[in-house]
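# Structural features, examined
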Amino acid sequence: MTSPINEYTDTHIIVNNSPDIAGRPVNTRTVMIGSQKGGVGKTTTTINLGAAFSERGKHVLVVDTDPVSSVAASLHLEVPDFCGLERAAAGNADAILRDVEPGLDVLPCSPTDFRSDVRIGGWIQQLGEQEFEDPYDLILVDSSPYTGPRSRDLLCSADELLLVIRAEPLSYRTLPSFLHDLRRLDNLDLGPNLRGIILTLPQGEPLGGRWENGLRNRFGSRMMPQAVPYDSVVGYSLAQGLPVVISDPESVPAQQYLELAAELEQRWDEEEANGVVPRSAA
Ligand SMILES: Nc1ncnc2c1ncn2[C@@H]1O[C@H](COP(=O)(O)OP(=O)(O)OP(=O)(O)O)[C@@H](O)[C@H]1O
Ligand SMILES: [Mg+2]
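By the naming in an unreviewed UniProt entry, the protein goes by MinD/ParA/CobQ/CobA-like protein and is assigned to Saltatorellus ferox.

This is how it looks when you write it as structure tokens:
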């Protein structure tokens, strides 16, 4: 019998040109960093990719949709009361923290963003439509673990999903139902394109080890070529409130994140050269 994992990876297509938002600048791409699991490295990946892309000259907005404000906490940001998703989506540029690093802005969330009557996904789409003075090339959305309708709404607001999985049994075994959901949304033309799977390694697991090889065999080209090993430098960088690509760019995790950003940029450039634009801009 085909497992949901095989079924999904065999048939899911990266490019989906369904138009759903009019008038959005072609070059703004909204990418959600998500997972069905907690504690696998979503926030770490978001802030490091954000910093890596801004170093590559992109104008990047990192959006925090995690009610516990993980991005702001990781970067030691003081968040004024007037910041938040709702105000930014309504066009208030002061709701965004500018140049947290050169070229990297952060949109922190506010406790009022999580009222029961709101659709955060709708705000993320509005953000992509905003005509900011200096438009964003990339909006990276950090998310909490995938659960239920709110997560689904958020997922559908993104052009693409970077799925983070940790090379360990629970992360892997809880994946099929998430992939099922993703596939269902894709069939309805609602879901984001699965851009790729980013593997993070648990403590003691080497790069290119048994787990990584097994997952690469299973997921094939859906896996990004880079993987991020567990390394105490990531914890030290967190203590300084910095992405590791800035605090220790020569370290192995930093190099993997920098190479991952280069790889993603190359894929996007190749697609755009072939006329494939972000889903929401098509
Ligand atoms: N490559 C790594 N090496 C060492 N520690 C890491 C690495 N990546 C992440 N961590 C640490 O693991 C913990 C969880 O990482 P992170 O917060 O990025 O996960 P998450 O998936 O965003 O979690 P949550 O589901 O709670 O939002 C953090 O303390 C982080 O500093
Ligand atoms: Mg997180």
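Having put the structure on the table, let's press on.
In this structure, Val62, Leu140, Val141, Leu199 and Tyr257 are the most contacted members of the largest nonpolar core, which totals 72 residues. Looking at which element gives the most residues to this core, the answer is helix α12 (residues 252-273), with 7 residues.

In the region of ligand 1, 19 residues are neighbours, and Gly38, Lys42, Thr43, Thr44 and Val234 sit closest. Only α2 (42-55) and α10 (232-240) provide two or more residues apiece to the shell around ligand 1. Of the residues contributing to the shell around ligand 1, the split by class is 7 nonpolar, 9 polar and 3 charged.

Here we come to the pairing of strand β2 (residues 60-64). In terms of burial, β2 is a largely internal element, 5 of the 5 residues being buried. In this structure, β2 lies alongside strand β4 (residues 104-107), joined through 4 bridges in parallel fashion. Paired with valine 62 across the two strands is valine 106, which belongs to β4. The pairing of β2 with strand β5 (residues 138-142) spans 5 bridges and is parallel. Within the sheet, the bridge partner assigned to aspartate 64 lies in β5 and is aspartate 142.

Let us look at helix α9 (residues 210-219). Taken residue by residue, α9 has Trp211, Leu215 and Phe219 as its buried positions. Here the buried residues of α9 occupy an arc of 45 degrees about the axis, which is enough to place them on one side. Of the exposed residues in α9, the ones pointing more than 90 degrees away from its buried face are Arg210, Asn213, Gly214 and Asn217. Trailing α9 by a residue or two, glycine 220 shows a phi angle of about 55 degrees, which is positive.

The N-to-C vectors of helix α5 (residues 120-129) and helix α6 (residues 148-156) enclose an angle of 15 degrees; their axes lie 7 Å apart at closest approach. With respect to each other, α5 and α6 are oriented roughly parallel. Between α5 and α6 lies a crossing whose hand is right-handed. Residues Ile120, Gly121 and Ile124 of α5 form the contact with α6, whose participating residues are Arg150, Asp153, Leu154 and Cys156.

Time to look at unusual backbone geometry. Its identity is not glycine, yet histidine 76 carries a phi of approximately 55 degrees, on the positive side. With respect to the secondary-structure elements, histidine 76 resides in the loop between α3 (70-74) and α4 (85-89). You can call histidine 76 exposed: it has 11 C-beta atoms within 10 Å.

To continue, consider the UniProt feature "domain: AAA" (unreviewed entry) in the protein. The feature "domain: AAA" (unreviewed entry), as given by UniProt, occupies residues 29-186 in the numbering adopted here. For the annotated span residues 29-186, helix accounts for 38% and strand for 20% of the residues, and the straight-line distance between the end C-alpha atoms is 18 Å.

Rules used in this analysis
- Within each chain, residues carry numbers counting from 1 in the order of the written sequence.
- Lettering for chains starts from A, numbering for ligands starts from 1, and both go in the order in which the items are written.
- Where totals are concerned, whole chains, interfaces and linings use all residues; where local detail is concerned, this predicted model gives features only for residues with pLDDT of at least 70, and gives and counts side-chain atom pairs only at 80 or more.
- Joining buried Ala, Val, Leu, Ile, Met, Phe, Trp, Tyr and Cys residues through C-beta atoms within 7 Å gives a set, and that set is a nonpolar core.
- Any residue whose C-beta has 12 or fewer other C-beta atoms within 10 Å is treated as exposed, any with 20 or more as buried, and any in between as partly exposed, C-beta atoms being built from the backbone.
- Helix numbers and strand numbers start at the N terminus; a helix is a DSSP run of H or I with at least 4 residues, a strand a run of E with at least 2.
- Only the C-beta atom matters for nearness: placed from the backbone, it must lie within 6 Å of the molecule or strand for the residue to count as near.
- Under this grouping Gly is polar, as are all residues other than the nonpolar Ala, Val, Leu, Ile, Met, Phe, Trp, Tyr, Cys and Pro and the charged Asp, Glu, Lys and Arg.
- Here, a strand pair is defined by DSSP locating no fewer than two bridges between the strands.
- Each C-beta atom gives one direction from the helix axis, and the arc is the one those directions make.
- Lines fitted to the C-alpha atoms define the axes, with helices restricted to the stretch that makes contact. Angles between their N-to-C directions range from 0 to 180 degrees.
- Angle categories: roughly parallel below 35 degrees, roughly antiparallel above 145, roughly perpendicular from 65 to 115, and oblique for all the rest.
- We call a crossing left-handed when the near helix sits turned anticlockwise from the far one by less than a right angle, and right-handed when that turn is clockwise.
- Whether two residues are in contact depends on their C-beta atoms, placed from the backbone: they are in contact if these lie within 7 Å.
- UniProt positions are given in the numbering used here, feature names are shortened, and annotations may be inferred rather than shown by experiment.

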